[in-house]
Amino acid sequence: MTRTIDQKIADRISAHQNILIVSHVRPDADAVGSLLGVGLALKDAGKNVQMVLEDGADKYRYLPGSENITLAPYEPVDMIIIVDCSDPDRVGGVLSGHGKPDLVVDHHKTNLNFGEINVVEPDEAATAAILFDHLPEWGLKITPEVATCLLSGIVGDTIGFRTSNVTSSLMRKTSELMDMGADLSSVYREELIAKSFKAVRYWGAGLSRLEKDDGLVWTSLKLSDRQEVGYPTNDDADLVNVLSSIREAEIALIFVEQLENKVKISWRARPKFDVSQIAFQFGGGGHAAAAGADVEGALEDVKKQIITETKKLLINQRTNKG
Ligand code: 5GP
Ligand code: MN
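Everything numeric in this text was worked out from a predicted model, so none of it was measured.

Thoughts on the domain arrangement of the protein chain
Now for step 1: Taken domain by domain, the protein chain comprises domain 1 (3–193) and domain 2 (197–320).
Now for step 2: Here the C-alpha centre of domain 2 lies 26 Å away from the C-alpha centre of domain 1.
Now for step 3: Taken residue by residue, the interface counts 10 residues in domain 1 and 17 residues in domain 2.
Now for step 4: Between domain 1 and domain 2, roughly 1,200 Å² of surface is buried when both sides are summed, and carbon and sulfur atoms account for 47% of that area.

Some words on the pairing of strand 12 (residues 290–296)
Both faces of the sheet carry side chains from a regular strand, because those side chains alternate between them.
Now for step 1: Pairing analysis gives seven bridges linking strand 10 (residues 262–269) to strand 12, with the strands arranged antiparallel. Across the sheet, the residue bridging to R268 is A290, located in strand 12.

Structural notes on unusual backbone geometry
Now for step 1: Residue P76 is reached from E75 by a cis peptide bond, and omega for that bond is -10 degrees.
Now for step 2: By secondary structure assignment, the location of P76 is in the loop between strand 3 (69–70) and strand 4 (79–83).

What about the site of ligand 1?
Now for step 1: By nearness alone, 16 residues border ligand 1, and S86, H108, K264, S266 and R268 come closest of all.
Now for step 2: Separating an oxygen atom of ligand 1 from a backbone N or O atom of G285 is a distance of 3.3 Å.
Now for step 3: About the coverage of ligand 1: the protein hides 88% of its 490 Å² of free accessible area.
Now for step 4: Elements supplying a minimum of two residues to the shell around ligand 1: strand 10, strand 11 (285–286) and strand 12.
Now for step 5: Sorting elements by how many residues they give to the shell around ligand 1 places strand 12 first, with five residues.
Now for step 6: Taken together, the residues of the shell around ligand 1 sort by class into three nonpolar, eight polar and five charged.

Topic: the coordination of the manganese ion (ligand 2)
Now for step 1: For the manganese ion (ligand 2), the protein coordination sphere consists of D30 (OD), D84 (OD), H107 (NE2) and D157 (OD), at 2.2 to 2.3 Å.
Now for step 2: Within one chain, the residues donating to the manganese ion (ligand 2) are spaced in sequence as D-x53-D-x22-H-x49-D. Of this pair, H107 sits in the loop between strand 5 (103–106) and strand 6 (117–120) while D157 sits in helix 4 (residues 144–157), placing them 50 residues apart in sequence.
Now for step 3: On the basis of relative accessible area, H107 is assigned to the buried category, the value being 1%.

Observations concerning the sheet that holds strand 3
Now for step 1: Spatially, the six strands line up as an open sheet ordered 3-2-1-4-5-6, and their pairing is parallel. Each having just a single partner strand, strand 3 and strand 6 make up the two edges of the open sheet.
Now for step 2: Here three bridges tie strand 4 to strand 5, and the two strands are oriented parallel to one another. Bridged to V83 within strand 5 is V105.
Now for step 3: Across the sheet, helix 2 (residues 29–44) lies against strand 1 (18–22), strand 2 (48–52), strand 3 and strand 4, angled at about 170 degrees from strand 2, the strand it touches most.
Now for step 4: Of the strands in this sheet, strand 4, strand 5 and strand 6 touch helix 3 (residues 127–134), which is tilted by about 120 degrees from strand 5.

Topic: the packing of aromatic side chains
Now for step 1: The full count for this structure, using the stated rule, is two aromatic pairs.
Now for step 2: Ring centres 6.1 Å apart and planes at 45 degrees place the aromatic pair Y60 and Y62 in the tilted group.
Now for step 3: According to the relative accessible area criterion, Y60 is buried, its value standing at 5%.
Now for step 4: Here Y202 and Y231 contribute two aromatic rings whose centre-to-centre distance is 4.5 Å and whose plane-to-plane angle is 15 degrees, an arrangement assigned as stacked. Of the two residues, Y202 is situated in helix 7 (residues 197–207) and Y231 in the loop between helix 8 (223–229) and helix 9 (239–244); the sequence distance between them amounts to 29 residues.
Now for step 5: Among the residues examined, Y231 registers a relative accessible area of 6% and is labelled buried.

Considering helix 7
Spacing of three or four residues puts side chains on the same side of an α-helix, whose turn is 3.6 residues.
Now for step 1: Where helix 7 is concerned, the buried positions are A199, Y202, W203, A205 and G206. Buried residues of helix 7, seen end-on, are gathered within an arc of 155 degrees and therefore sit on one face of the element.
Now for step 2: In the core, the buried residues of helix 7 are packed alongside strand 8 (216–221), helix 8, helix 9 and strand 9 (251–258).

Cut-offs applied
- Residues numbered from 1 in each chain as written.
- Chains lettered and ligands numbered in written order.
- Predicted model: local features only at pLDDT ≥ 70, side-chain atom pairs only at ≥ 80, totals over all residues.
- Heavy atoms only, no water.
- Domains from an automatic or database assignment.
- Contact = heavy atoms within 4.5 Å.
- Buried area = accessible area lost by both parts, 1.4 Å probe.
- Pairing = 2+ DSSP bridges.
- Helix = DSSP H or I, 4+ residues; strand = E, 2+ residues; numbered from the N terminus.
- Near = heavy atom within 4 Å.
- Polar contact = N/O pair within 3.5 Å; in protein donor to acceptor, adjacent residues only side chain to side chain.
- Areas by Shrake-Rupley, 256 points an atom, 1.4 Å probe, with all protein chains shown as cover.
- Nonpolar A, V, L, I, M, F, W, Y, C, P; charged D, E, K, R; others polar.
- Donors = N, O, S within 2.8 Å, 3.2 Å for Na, K, Ca; no water.
- Buried < 20%, exposed > 50% of the residue type's maximum accessible area, 1.4 Å probe, protein only.
- Axes fitted to C-alpha atoms, helices over the stretch in contact; angles between N-to-C directions.
- Phe/Tyr/Trp six-rings, centres within 6.5 Å; stacked < 30°, edge-to-face > 60°.
- Arc of directions from axis to C-beta.

Structure, rendered in structure tokens:
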């Protein structure tokens, strides 16, 4: 008899004691919520769990178990699980010296299926929603803490149930997570409403140089903006969500200057567009409506090139799909 994927995963989990769980750099709520969701469930089952994020998870201190997240793995490791990550480079240097991951759980359509076992479900709005379905199949329990972490992933990736991939099935999962002990209003407040003073001042720098051409809206955040306001991390403080709420923006873009001559780009698109492929071409990936890439080069050069290419995409996809 052939074993189902879930049975194979359950077998691997029972056969291993020291489990490393990893997600991507500049982690978002789905990365942290999925990492903690599976990590806390495995801990509850008696496993030695290491949860590693190269950039840490300072912004997510409100999530149970986040104090156990470390910046690098330590020995021993006998099973590796990667969550919410479509390619192995996106975890930073965490996996160097380790072999192929045992299990990849993800919802990005650009996923490279780089694990020995891959649970990749691009129709799901969040990796946390995939874990909600599978954890019980792997013999793991969704405790109130696990439920809180998974709900945070769902709320984060759907920007509070606002994206077009929110289905009635996702809402049912959400109600079940609430029944299991997750507090929706506090997850919502922490994830989407509460912003630090520094983050909003950082937004100010980006908003002061907002630009628009046809249906394209974009801005950039410079390293000097971060320094001036004292914003601590190398992300956009979710400013891209503000840009994508602009009525005229069919595609919104943000360029965040990074150390070592790199620029992080985020694309956000209205439902009839697909920005995952352009992100993939520039070495990144993502979903039709939300994608990102890290591109080498000076901010102004990268901006120019990406805006030119994204304008072409906007015009093509507008005519293609009416
Ligand atoms: P964001 O723009 O918020 O960083 O990411 C939007 C979506 O694209 C997320 O699902 C994220 O995981 C994915 N993404 C962002 N940057 C990269 C990247 O450099 N590589 C890949 N593979 N995916 C990315
Ligand atoms: Mn995700």
